[in-house]
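Here is what each chain is made of, one letter per residue.
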Amino acid sequence: MSQKELGNIVDRLVAGAAMDRNGWLRLLSLQGEEERQYVQQRAMEVAQQNFGNGVFVRGLIEISSYCRNNCNYCGIRCGNRSALRYRLTKEQILECCRAGAGLGFNTFVLQGGEDVVQSDDWVTDVVCAIKREFPDKAVTLSVGERSAAAYRAFRAAGADRYLLRHETRSDEHYSLLHPRTMSAVNRRNCLFTLKELGFQTGSGMMIGSPHQTLEHLADDMMFLDELCPQMIGVGPFIPASGTPFEDFSAGSVDLTILVVSLLRLRFPHALLPATTALASLHSRGRELAILAGANVVMPNLSPSDVRNKYSIYNNKKSTGDESAQQIESLRQSLDAIGYRINFSRGDYDDK
Ligand code: SAM
């Protein structure tokens, strides 16, 4: 693609024009270093116009490594006998929130496998308890596919946001990544229900998951256009020992960065995390994502003795650092690239 044509396409994206599947495919196929740098630079400018040099922080609490699902890519799939299992109690979660609040966090993200012991009622009760103690803080849930009634109860309890990646828009690709018991249609229906219920909703996909093609990613971009989520998480696939995909290669860091930039250009107000998966694959992954348009980082507030047990892929970046140390090292690494931590709630705002 000529520089002039690329410039025109990016201008149109920045002006809010939708892109067709073929257009996404062409952008996703960009290989030249100069073209990719250009897209990244434009995406960074869009992020700076909307968020300045601030990066929102969310305190991540990994509440359970038990999961009833058996996703082929995931280290905590129920069929992985070598996975280490734990679940946090309500009191432990509240302790994590207290520690996070003390450090200035204004959002807590509760993420976990679909643990049948952490039932809908239990999750609802935990959300109520957090909101009772921290009424002004945002609570984000990421506890998988639940019924519409459960999502309604979570919302009534005060949960503000929900993360559920669609994983892939292609039904065929979805069936290669998941067991037959799981359905792409149900996952998408969950996402539309979450949006209808008023959750700030997050979706997304892995980059370079086994059998994924650029056509699949183009379909993902089209699906995100339809869903219009407030948050979009993309990170590279990383193989996990003890799973059917343990011998596949990891996704590409460069392609992940390109996708982050394209998302920023198409969704200028979206909350886009610099994912842990990217930071796990590349020592500067977090910084590279921010310089490509990402605007969220999720430091880990889980008790340090369980962090290595939430092992969804190999060599997950996890420090035994206390949360205060994590914040200090984040502050320094952001400072080095001209950014700073923004501790505010960071709700979606498209004004
Ligand atoms: N159970 C919840 C759910 O399904 O949304 C939340 C936990 S799940 C482990 C969170 C995300 O981790 C998934 O949506 C998936 O995209 C990502 N993930 C799982 N295994 C991965 C892997 N091997 N490499 C990269 N990301 C992975």
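Going by the structure above, here's the rest.
Residues numbered from 1 in each chain as written. Predicted model: local features only at pLDDT ≥ 70, side-chain atom pairs only at ≥ 80, totals over all residues. Heavy atoms only, no water.

A.B. asks: Whenever I open this one, the packing of helix α8 (residues 184-196) against helix α9 (residues 214-227) confuses me. Can you help?
C.D. replies: Geometry of a packed helix pair, given as the angle between the helix axes and the separation of the axes. Where α8 meets α9, the closest approach of the two axes is 11 Å, and the angle between their N-to-C directions is 30 degrees. Here α9 runs roughly parallel to α8, going by the angle between their axes. In this structure, the crossing between α8 and α9 has a hand that is right-handed. For the pair formed by α8 and α9, the contact residues are Arg188, Leu191, Phe192 and Lys195 on the first element and Phe223, Glu226 and Leu227 on the second. Looking at the contact of α8 with α9 residue by residue, the classes come out as four nonpolar, no polar and three charged. (Axes fitted to C-alpha atoms, helices over the stretch in contact; angles between N-to-C directions. Helix = DSSP H or I, 4+ residues; strand = E, 2+ residues; numbered from the N terminus. Parallel < 35°, antiparallel > 145°, perpendicular 65-115°, else oblique. Left-handed = near helix turned anticlockwise from the far one by under 90°. Contact = heavy atoms within 4.5 Å. Nonpolar A, V, L, I, M, F, W, Y, C, P; charged D, E, K, R; others polar.)

A.B. asks: How do you make sense of the site of the ligand when you look at a structure like this?
C.D. replies: Every one of the 18 residues lining the ligand counts as a neighbour, but Tyr73, Gly112, Arg165, Glu167 and Ile238 are closest to it. The separation between a nitrogen atom of the ligand and a polar main-chain atom of Tyr73 is 3.0 Å. Within the side chain of Glu167, an N or O atom sits 2.5 Å from an oxygen atom of the ligand. Considering the ligand on its own, with 560 Å² of exposed area, one finds that the protein chains cover 92% of that surface. (Near = heavy atom within 4 Å. Polar contact = N/O pair within 3.5 Å; in protein donor to acceptor, adjacent residues only side chain to side chain. Areas by Shrake-Rupley, 256 points an atom, 1.4 Å probe, with all protein chains shown as cover.)

A.B. asks: So what exactly am I meant to see when it comes to the environment of Gly242 here?
C.D. replies: Tracing the chain through its elements places Gly242 in the loop between β7 (231-236) and α10 (253-266). With near-sequence residues (within four places) excluded, Gly242 lies in contact with Asn80 and Ser82.

A.B. asks: Mind showing me how you'd approach the packing of aromatic side chains here?
C.D. replies: One pair of aromatic rings is described through two measures. These are the centre distance and the angle between the planes. Scanning the model with the defined rule gives nine aromatic pairs in all. Considering the side-chain rings of Phe51 and Phe56, the 6.1 Å spacing of their centres and the 85 degrees angle between planes classify their relative orientation as edge-to-face. Note on accessibility: Phe51 and Phe56 belong to one class, buried. For the pair Tyr162 and Phe199, a centre-to-centre distance of 5.8 Å together with 75 degrees between the ring planes defines the contact as edge-to-face. Highlighted residues: Tyr162 in strand β5 (residues 161-163) and Phe199 in the loop between α8 and β6 (200-207), separated in sequence by 37 residues. The pair formed by Tyr162 and Phe199 is uniform in burial state, with each residue classed as buried. Following the ring pairs from residue to residue traces out a cluster consisting of Tyr151, Phe154, Tyr162 and Phe199. It is Arg87 that lies over the ring of Tyr66; its NZ or CZ is 4.0 Å from the centre. If you follow Arg155 out to its NZ or CZ, it ends over the ring of Phe199, 5.5 Å from the centre. (Phe/Tyr/Trp six-rings, centres within 6.5 Å; stacked < 30°, edge-to-face > 60°. Buried < 20%, exposed > 50% of the residue type's maximum accessible area, 1.4 Å probe, protein only. Lys NZ or Arg CZ within 6 Å of the ring centre and 35° of its normal.)

A.B. asks: What exactly am I supposed to notice about unusual backbone geometry here?
C.D. replies: If a residue is not glycine, its phi is most likely negative; likewise, a peptide bond is most likely trans. The backbone phi angle of His211 is positive, close to 75 degrees, even though this residue is not glycine. When you line up the elements, His211 lands in the loop between β6 and α9. Despite not being glycine, Cys228 has its phi angle at roughly 50 degrees, a positive value. The residue Cys228 is located in the loop between α9 and β7 in this model. Take Cys228: its relative accessible area is 40%, and that puts it in the partly exposed class.

A.B. asks: I tried to follow the sheet that holds strand β8 (residues 296-297) on my own but got confused; where do I start?
C.D. replies: Strand pairing in a sheet is mediated by backbone hydrogen bonds. Such pairs are either parallel or antiparallel. One open sheet accounts for three strands, arranged β8-β1-β9; its pairing is parallel. Taken across any chain shown, the strands that pair with only one partner, and hence form the sheet edges, are β8 and β9 (340-342). With two bridges joining them, strand β1 (residues 54-57) and β8 adopt parallel strand pairing. Looking across to β8, one finds that Phe56 is bridged to Val296. (Pairing = 2+ DSSP bridges.)

A.B. asks: It is not clear to me how the pairing of β1 should be interpreted in this structure. Could you clarify?
C.D. replies: Walk down a regular strand and you will see the side chains alternate between the two sheet faces. By the alternation rule, side chains of β1 split into Gly54 and Phe56 and Val55 and Val57, which are all buried. As judged from the three bridges shared by β1 and β9, these two strands associate in the parallel manner. Looking at the pairing, Phe56 lines up with Asn342 of β9.

A.B. asks: Is there a simple way to explain the nonpolar core in this structure?
C.D. replies: Side chains that are nonpolar tend, in soluble globular proteins, to be buried together. The biggest cluster of nonpolar side chains holds 97 residues, and the ones touching the most others in it are Ile61, Ile130 and Phe154. With nine residues, the single largest contributor to this core is α10. Counting five residues, the second-largest nonpolar core is a separate cluster that includes Phe51, Phe56, Leu271 and Val296. (Core = buried A, V, L, I, M, F, W, Y, C linked by side-chain atoms within 4.5 Å.)

A.B. asks: Explain the pattern of salt bridges here, please?
C.D. replies: Throughout the structure, instances matching the rule amount to 21 salt bridges. Salt-bridge contacts for Glu62 lead to Lys316; the nearest nitrogen and oxygen are separated by 2.9 Å. Residue Glu62 is found in strand β2 (residues 59-64), and its partner Lys316 is found in the loop between β8 and α13 (323-336); the two are separated by 254 residues along the sequence. Across the pair, Lys316 and Glu62 agree in class, each one buried. Of the charged contacts in the structure, one is a salt bridge between Glu95 and Arg98, with a shortest N-O distance of 2.8 Å. Note that Glu95 and Arg98 are positioned in helix α4 (residues 90-103) at a spacing of three residues, about one turn of the helix. (Salt bridge = Lys/Arg side-chain N within 4 Å of Asp/Glu carboxyl O.)

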